[in-house]
Amino acid sequence: GLVNSREIFRKAVDGGYAIPAYNFNNLEQLQAIITACVETRSPVILQISKGARNYANETMLRYMATGAVQMAKEMGVEIPIVLHLDHGDSFELCQSCIESGFSSVMIDGSHLSYADNVALTRQVVDYAHAHDVTVEGELGVLAGIEDEVVAEKSTYTQPDEVEDFVKKTGVDSLAISIGTSHGAYKFKLKEGESVPPLRFDILAECQKRIPGFPIVLHGASSVLPEYVALINQYGGKMDGAVGVPEDQLRKAAASAVCKINIDSDGRLAVTAKVREYLQNNPSEFDPRKYLGAARTELIRLIKHKNETVLGSAGKA
Ligand code: G3H
Ligand code: 13P
Ligand code: NA
Ligand code: ZN
């Protein structure tokens, strides 16, 4: 059923795995997430971003998530499901999500000054905890696009700030910046260059300051080359798309990183399969056909993530 993140994060940190946080904007994505997580017996975080609310309407998405919880139950396996606000940008937004039944919220004050980030996050935590809702905060800035905010350059999390931030705000988990970034173009590589490894040294320094405290990674899609190749093969143009290698995420999941955010990988899977299907079936016009093909691939992708990258399979 619907739960906040407290207990599943505790178990994930202790067990050396990470809970997947998948964004959803539509029916097929949500069906795929629930189906794959029930079939792999994985706890799951359903994330709703500002872009998702603008696209599909917050009330619609919330009722869909409630339906998804019921669907999981009817599949005969109870998995913990968190309904989480992704990148909340104001107290009022977090408050309205908490009032409407979200079990977890993120307040992203990472673009503010340290003092303003602390104050805003504290305000959200006070309200959320009174409603048994957990809160994710963020320190450090990821490169790439966070909703409407575009950061040109990342600023790594400063390990010296994390203990003070966690103490002063009372957050339940902390997103940090160690080299991941949002979107499908995470690294600008020159000819012959390979993806720079994540800054595991910064992660280790953070863990030293807040031992056992739940840490979150945003921008953790791997931008799987087979999807990029399919997209390019079937009329797309995504040259230079590159993500975080899966072995880096495996290593992170084994640490105090207990939540890994994945959105772009699912978008790529859907786009690849829709392009392929339409090209191969030019007279087909039933959206269930090409969205169905996309949904089948999404289920496969999510099972793969849960089973072989995050290690969350079998932990429900
Ligand atoms: O953090 C970004 C997430 O992938 C959500 O993106 O705002 O385009 O829905 P979005
Ligand atoms: P990706 O763009 O790497 O999938 O990151 C998603 C994310 O961090 C959502 O908050
Ligand atoms: Na972990
Ligand atoms: Zn994010």
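Residues numbered from 1 in each chain as written. Chains lettered and ligands numbered in written order. Predicted model: local features only at pLDDT ≥ 70, side-chain atom pairs only at ≥ 80, totals over all residues.

An unreviewed UniProt entry annotates the protein as Fructose-bisphosphate aldolase of Desulfuromusa kysingii.

## Quick look at the overall build of the protein
The helix and strand tally for the protein stands at twelve helices and ten strands. At 19 Å, the protein has a C-alpha radius of gyration in line with the 20 Å of a compact globule built from 316 residues. Taken along the three principal axes of its C-alpha coordinates, the protein extends 60 × 50 × 35 Å. Classification of the 316 residues of the protein by burial places 50% in the buried group. Relative to all contacts within the protein whose residues are 6 or more apart in sequence, the contacts with residues 24 or more apart total 75%. (Helix = DSSP H or I, 4+ residues; strand = E, 2+ residues; numbered from the N terminus. Rg over C-alpha atoms; globule rule 2.2 N^0.38 Å. Buried ≥ 20, exposed ≤ 12 C-beta atoms within 10 Å, placed from the backbone. Contact = placed C-beta atoms within 7 Å.)

## Let's talk about the pairing of strand β5 (residues 134–139)
The buried fraction of β5 is high, at six of six residues. Residue alternation in β5 divides its side chains into two sets, T134, E136 and E138 and V135, G137 and L139, and both sets are buried. Regarding topology, helix α6 (residues 114–129) serves as the crossover connection from strand β4 (residues 104–107) to the parallel β5, and that connection is right-handed. In this structure, β5 lies alongside strand β8 (residues 173–176), joined through four bridges in parallel fashion. Its bridge partner lying in β8, E138 is registered against A175. (Right-handed = clockwise from strand over helix to strand, strands pointing away. Pairing = 2+ DSSP bridges.)

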